[in-house]
Amino acid sequence: MSDSVVTVRPRRIRLVCWVSAAALLLVFGLVATSLTGGVGNGYGTFQRGDQLAMIGLGVFGALGILLFTRPRVVADARGVQVRNVIGSHELPWEVIRGVRFDRGAPWASLELYDDDLLPMVALQAADKERAVEAVRALRRLHQAHLATVAGDPAAR
């Protein structure tokens, strides 16, 4: 079997997420510094805690955006590890029927023998040729596994 390892992370969405997270932090920081003086008809005033809370909301919002940088696919001769925004899966090639990247689909997916589809958010259509090459590399690993199983009577 081949010793090649395919590792894929989305490129375009990661850039968008990092820029968006930084912009969100900046906006919430500016809003926090503008929270001074009285509120409404003078019934209260903004305190330091209000400013810190606003910055905290910006941090939590930025972290939420950065969750979308989490997707990754790592594949080798043994199988595929898929980490999506929420949740991870580690699958041996034996349970994978094929690698799909349907026309118009936002990302590629693994077709399993139990008729499930496992999305691979790391392989996004927005990354164009880079995603296509990654799908081809995954298909080569899958074909190498199928050839090994077909040639090895003990593996049947």
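Residues numbered from 1 in each chain as written. Predicted model: local features only at pLDDT ≥ 70, side-chain atom pairs only at ≥ 80, totals over all residues. Heavy atoms only, no water.

Visitor: Which residues make up a nonpolar patch on the surface, and what values do they have?
Guide: Among the surface-exposed residues, Leu25, Leu52, Ile55, Val59, Phe60 and Leu63 lie close enough to one another that they form a single nonpolar patch of about 580 Å² accessible area. Tracing the backbone shows Phe60 in helix α2 (residues 48–66). Of the residues examined, Phe60 reaches a relative accessible area of 65% and is grouped as exposed. (Patch = residues over 30% accessible without salt bridge, like charges linked within 9 Å, V, L, I, M, F, W, Y side chains within 5 Å. Areas by Shrake-Rupley, 256 points an atom, 1.4 Å probe, with all protein chains shown as cover. Salt bridge = Lys/Arg side-chain N within 4 Å of Asp/Glu carboxyl O. Helix = DSSP H or I, 4+ residues; strand = E, 2+ residues; numbered from the N terminus. Buried < 20%, exposed > 50% of the residue type's maximum accessible area, 1.4 Å probe, protein only.)

Visitor: Please set out the packing of helix α1 (residues 12–34) against α2 residue by residue, giving values where relevant.
Guide: Across the interface, α1 lies against α2 with an axial gap of 8 Å and an inter-helix angle of 170°. Viewed along their axes, α1 and α2 adopt a mutual orientation that is roughly antiparallel. Of the residues in α2, those in contact with Cys17, Trp18, Ser20, Ala21, Leu24, Leu25, Phe28, Gly29, Val31, Ala32 and Thr33 of α1 are Gln51, Met54, Ile55, Leu57, Gly58, Val59, Gly61, Ala62, Ile65 and Leu66. Of the residues assigned to the contact of α1 with α2, the class counts are 15 nonpolar, six polar and no charged. (Axes fitted to C-alpha atoms, helices over the stretch in contact; angles between N-to-C directions. Parallel < 35°, antiparallel > 145°, perpendicular 65-115°, else oblique. Contact = heavy atoms within 4.5 Å. Nonpolar A, V, L, I, M, F, W, Y, C, P; charged D, E, K, R; others polar.)

Visitor: Lay out the environment of Arg97 with the relevant residues and their values.
Guide: Within the secondary structure layout, Arg97 lies in strand β7 (residues 96–100). Of the residues examined, Arg97 reaches a relative accessible area of 33% and is grouped as partly exposed. Taking the C-alpha atoms as reference, Arg97 lies 5.4 Å from Glu111; in sequence the two are 14 residues apart. Residue contacts for Arg97: discarding those within four places in its chain leaves Glu111, Leu112, Tyr113, Asp115 and His142. Within the structure, Arg97 has its side chain in polar contact with the side chain of Asp115 (distance 3.2 Å). (Polar contact = N/O pair within 3.5 Å; in protein donor to acceptor, adjacent residues only side chain to side chain.)

Visitor: Quick rundown of the pattern of salt bridges? Include the residues and the values.
Guide: Pairs may arise between side chains of opposite charge once their charged atoms sit close together. This model, assessed by the stated rule, comprises six salt bridges. Note that Asp76 is salt-bridged to Arg78, the shortest N-O span being 2.9 Å. For Asp76, a relative accessible area of 17% corresponds to the buried category. Close ionic contact of Arg100 with Asp102 constitutes a salt bridge, the shortest N to O distance being 2.6 Å. The class for Asp102 is partly exposed, based on a relative accessible area of 38%. Look at the salt bridges and you will find they share partners, linking Arg97, Glu111 and Asp115 into a network.

Visitor: Lay out the pairing of strand β9 (residues 117–124) in plain terms, naming residues and giving numbers.
Guide: The buried fraction of β9 amounts to six of the eight residues, a majority that puts the element mostly inside the structure. Pairing of strand β8 (residues 107–112) with β9 involves five bridges; the strand directions are antiparallel. Following the sheet pairing, Trp107 is matched in β9 by Gln124. The antiparallel hairpin formed by β8 and β9 contains four residues in its connecting segment, where Asp115 sits at a positive phi of about 70°. (Pairing = 2+ DSSP bridges.)

Without other data, these values stay purely geometric and don't point to any function.
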